[in-house]
Each structure stands twice: as structure tokens, then as C-alpha cells.
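What follows is each chain in one-letter form.
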Amino acid sequence: MGHTAAPVLYRPGKIAQLLFNRPKVKNALDAESWRLLAEALDRFERDPGARVLVLSGAGGEFCSGADLSGNINGSSEQVAAKMREIASIIVRLHGMPKPTVAKVDGVAVGVGMSIALGCDLVIASDRARFGAVFSRHGLVPDGGLSWLLPRAVGSHRAKELTLTGRLVDGAEAGRLGLATTVVPAGELDAVTGRWCERVAACSPVVAAETLDLIDRAWTTSFPDALEAEASAQQRAVAALRG
């Protein structure tokens, strides 16, 4: 009997790796994928030696979104319930107190795009393609994309991308701010490795405090941000001298 590889693979380390591993369907996420993704996020957060998590996909693709084959006939209530279940995992990824990096080659569409933008950095190859393709299937954006996308590209561009569902290539993704940087496909692994080494050199306390400060910036007043910085700096200095 042949062995079926897990749909999500996790490799621990200082620079931990999470691989979406369903290349035959361009790494579309089924129920087992979501369960293993949640498990991997737990392992990464709890591992004191893990500094950075890199999310990538097998077979030259990042993720083609949710696998709809098992849910296409579900009721609207069942679909909404599944979305709420997935939402907790997306929130966990976005609020991770350690840096996360999406290494995007090939497609990052649907909720795959949501996952990529939910990471702290997005390093894309020049053959990457991003797409908020929900409207093509008669669906609204999910996976937090309605919140993440306007913050990356602005409201008008977010509306254009979600209403048309058009694909954005790597070069345009860089110009729009969907990707932090875009590199030739042959250099994607090396560049990601170099970026991760630099990020991993940041102390865990500084990384967590910095991510929190920046994520809270959207809902914090300027005076409150300054106070939050002072409190965070106190904790950083205590850790430095501790």
C-alpha cells in the first residue's frame, strides 16, 4: 500500500518551514490541511528555538485556495460555519508573536492569497500570480482578505481586484504592495533564506513587540502609539539586560 504524504508538512528549526503539499491540486486546502496548519502554528509558537516561519507550497505553486470539492453542495449555513472555523486559524497566523514569511511561487489565489497577506513578509517570485478570485465563483472574499487587502493596496484597488477577480503577476504585485519584494524564480529560495536569517537575528522580545506595535497602529491614536512604544521599549530593555 502506497504512503500518502500529509497535505501540510512542518519542519522545525530556527527558521521553521511549513509546506502546503497537495501539488496535484495546486495545494488547495482541504479539511485535513486546515487541521494540520493549525497544528503547525501551535508547534511553531511553542518552540522557543523557532524564530521565523516560512510558508510555501509544493510543485511550484503557493496555494490555489480552499478545496471546494467537498463543500460545493453544502448549505449557506454550513459554508458560513466552515468560514468561522477557518477564521480562527487565520487570526492565529496574523497575530503570531513571531515573524512569518510567505514564500510565494506560482499561484496565491482565493484564501491562498489571504494566507500570504496574513504573513508579516511576502517574498514572491516573478512568476507568482495573486488573485482575489472569489467573485468568479459567486462568493465574497474570505480568509480576512476584505481586511488585509485594503491595508496593502488601498480601498479602490482592493475593490477593483475583488470585484473583477483578475490575476496580478509578480511584477505588479511588487508595485501594488502585495509583495514585500519580488525576485527571479531561480533566486527565490536564496533570497528568502537571507531575509529570514536577518529577521531571525532579531531578539524574540523585540520581534514580538515590534509586530504588535505595527499591527495595532491601524486602530491606535498617535499619542497611544507613543505610550505603547514606551511600554514596549521598557520590556525590550529589560530583556536586553536580563
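Residues numbered from 1 in each chain as written. Predicted model: local features only at pLDDT ≥ 70, side-chain atom pairs only at ≥ 80, totals over all residues. Heavy atoms only, no water.

### Things to note about the side chain of E61
Quick reminder of the rule: Under the DSSP-based scheme used, a helix requires at least four consecutive residues in state H or I and a strand at least two consecutive residues in state E, with every element numbered from the N terminus. Type-normalised accessible area, obtained with a 1.4 Å probe on protein chains alone, sets the label of each residue: buried when under 20%, exposed when over 50%, and partly exposed for intermediate values. For the purpose of counting charges, residues Lys and Arg are taken to be positive, whereas Asp and Glu are taken to be negative. His and the chain ends are not included. Each salt bridge in this description consists of a side-chain nitrogen of Lys or Arg and a carboxyl oxygen of Asp or Glu lying within 4 Å of one another. Working rule for contacts: check all heavy atoms of both residues, and any pair within 4.5 Å makes them a contact.
By secondary structure assignment, the location of E61 is in the loop between β3 (52–57) and α2 (76–94). This buried residue, E61, is left without a salt bridge; R129 holds the nearest opposite charge, at 4.0 Å. For E61, the contacting residues outside a window of four places in its chain are K26, N27, D105, G106, V107 and R129.

### Description of the pattern of salt bridges
Should the charged atoms of two oppositely charged side chains come close, the side chains can pair. Applying the stated rule across the entire model yields 15 salt bridges. The residue E172 makes a salt bridge to R166 at a minimum N-O spacing of 2.7 Å. Residue E209 is joined to R235 by a salt bridge in which the shortest nitrogen-to-oxygen separation is 2.6 Å. Note that E209 is positioned in helix α8 (residues 204–216) and R235 in helix α9 (residues 222–241), a separation of 26 residues in sequence. You can call E209 buried: its relative accessible area is 15%. Among the ionic contacts, a cluster of salt bridges with common partners joins R157, E160, R166 and E172.

### Digging into the sheet that holds strand β6 (residues 121–125)
Note the cut-off: Pairing between two strands requires that DSSP report at least two bridges joining them. Axes here mean lines fitted to C-alpha atoms, for a helix over just the part in contact, with angles spanning 0 to 180 degrees between N-to-C directions.
Ordered in space as β1-β2-β3-β4-β6-β9, the six strands form an open sheet in which the pairing is mixed. Edge positions in the sheet fall to β1 (8–11) and β9 (181–183), since each has one partner strand and no second. The sheet shows a mean angle of 20° between the axes of neighbouring strands, taken without regard to direction. Sheet topology note: the strand β2 (residues 15–20)/β3 ladder contains six bridges and is parallel. When the sheet's bridge partners are listed, I15 is paired in β3 with V52. Strands β2, β3, β4 (100–104), β6 and β9 of the sheet are contacted by helix α7 (residues 188–200), whose axis makes an angle of about 165° with β6.

### Topic: the packing of α8 against α9
What counts, and what does not: Here the angle decides the label: under 35 degrees means roughly parallel, over 145 means roughly antiparallel, 65 to 115 means roughly perpendicular, and every other value means oblique. Classification convention: Asp, Glu, Lys, Arg as charged; Ala, Val, Leu, Ile, Met, Phe, Trp, Tyr, Cys, Pro as nonpolar; all other residues, Gly among them, as polar.
Two elements in contact, α8 and α9, have axes whose closest approach is 9 Å; the angle formed by their N-to-C orientations is 170°. Our classification of the angle between α8 and α9 gives roughly antiparallel. Facing α8, whose interface residues are V205, V206, E209, L213 and R216, α9 presents A228, E229, A232, R235, A236 and A239. Within the contact of α8 with α9, the residues separate by chemical class into seven nonpolar, no polar and four charged.

### Quick word on the side chain of N21
Our working rule: Any pair of nitrogen or oxygen atoms within 3.5 Å is treated as a polar contact; in protein, a donor-acceptor pairing is required on top of that, and neighbouring residues in sequence qualify only through side-chain atoms on both sides.
Take N21: it is sitting in the loop between β2 and α1 (31–46). Accessibility expressed as a relative area gives 16% for N21, which makes it buried. One polar contact links the side chain of N21 to the main-chain carbonyl oxygen of A6, over a distance of 3.0 Å. Dropping the residues within four chain positions of it, N21 is found in contact with A5, A6, P7, V8, L9, N27 and A58.

### Some words on α7
Put simply, the rule reads: The length a helix should cover is 1.5 Å for every residue beyond the first. Directions drawn from the helix axis to the C-beta atoms are what define this arc.
Spanning 13 residues, α7 covers 18 Å between terminal C-alpha atoms, matching the ideal 18 Å at 1.5 Å per step. Buried within α7 are the following residues: L188, V191, T192, C196 and A200. The buried residues of α7 all sit within an arc of 165° when viewed along its axis, so they share a single face. In the core, the buried residues of α7 are packed alongside β2, β3, β4, β6 and β9.

### Quick look at the sheet that holds strand β5 (residues 107–109)
A sheet is described by the order of its strands in space; here three strands give the open sequence β5-β7-β8, paired in mixed fashion. A single partner strand is all that each edge strand has here, and the edge strands are β5 and β8 (167–169). Recorded for the sheet is a direction-independent mean angle of 20° between the axes of neighbouring strands. Sheet analysis places strand β7 (residues 129–131) next to β8, joined by three bridges and oriented antiparallel. Within β8, the position partnered with R129 by the bridge is D169. Relative to the sheet, helix α3 (residues 111–118) contacts β5 and β7, its axis offset from that of β5 by approximately 95°.

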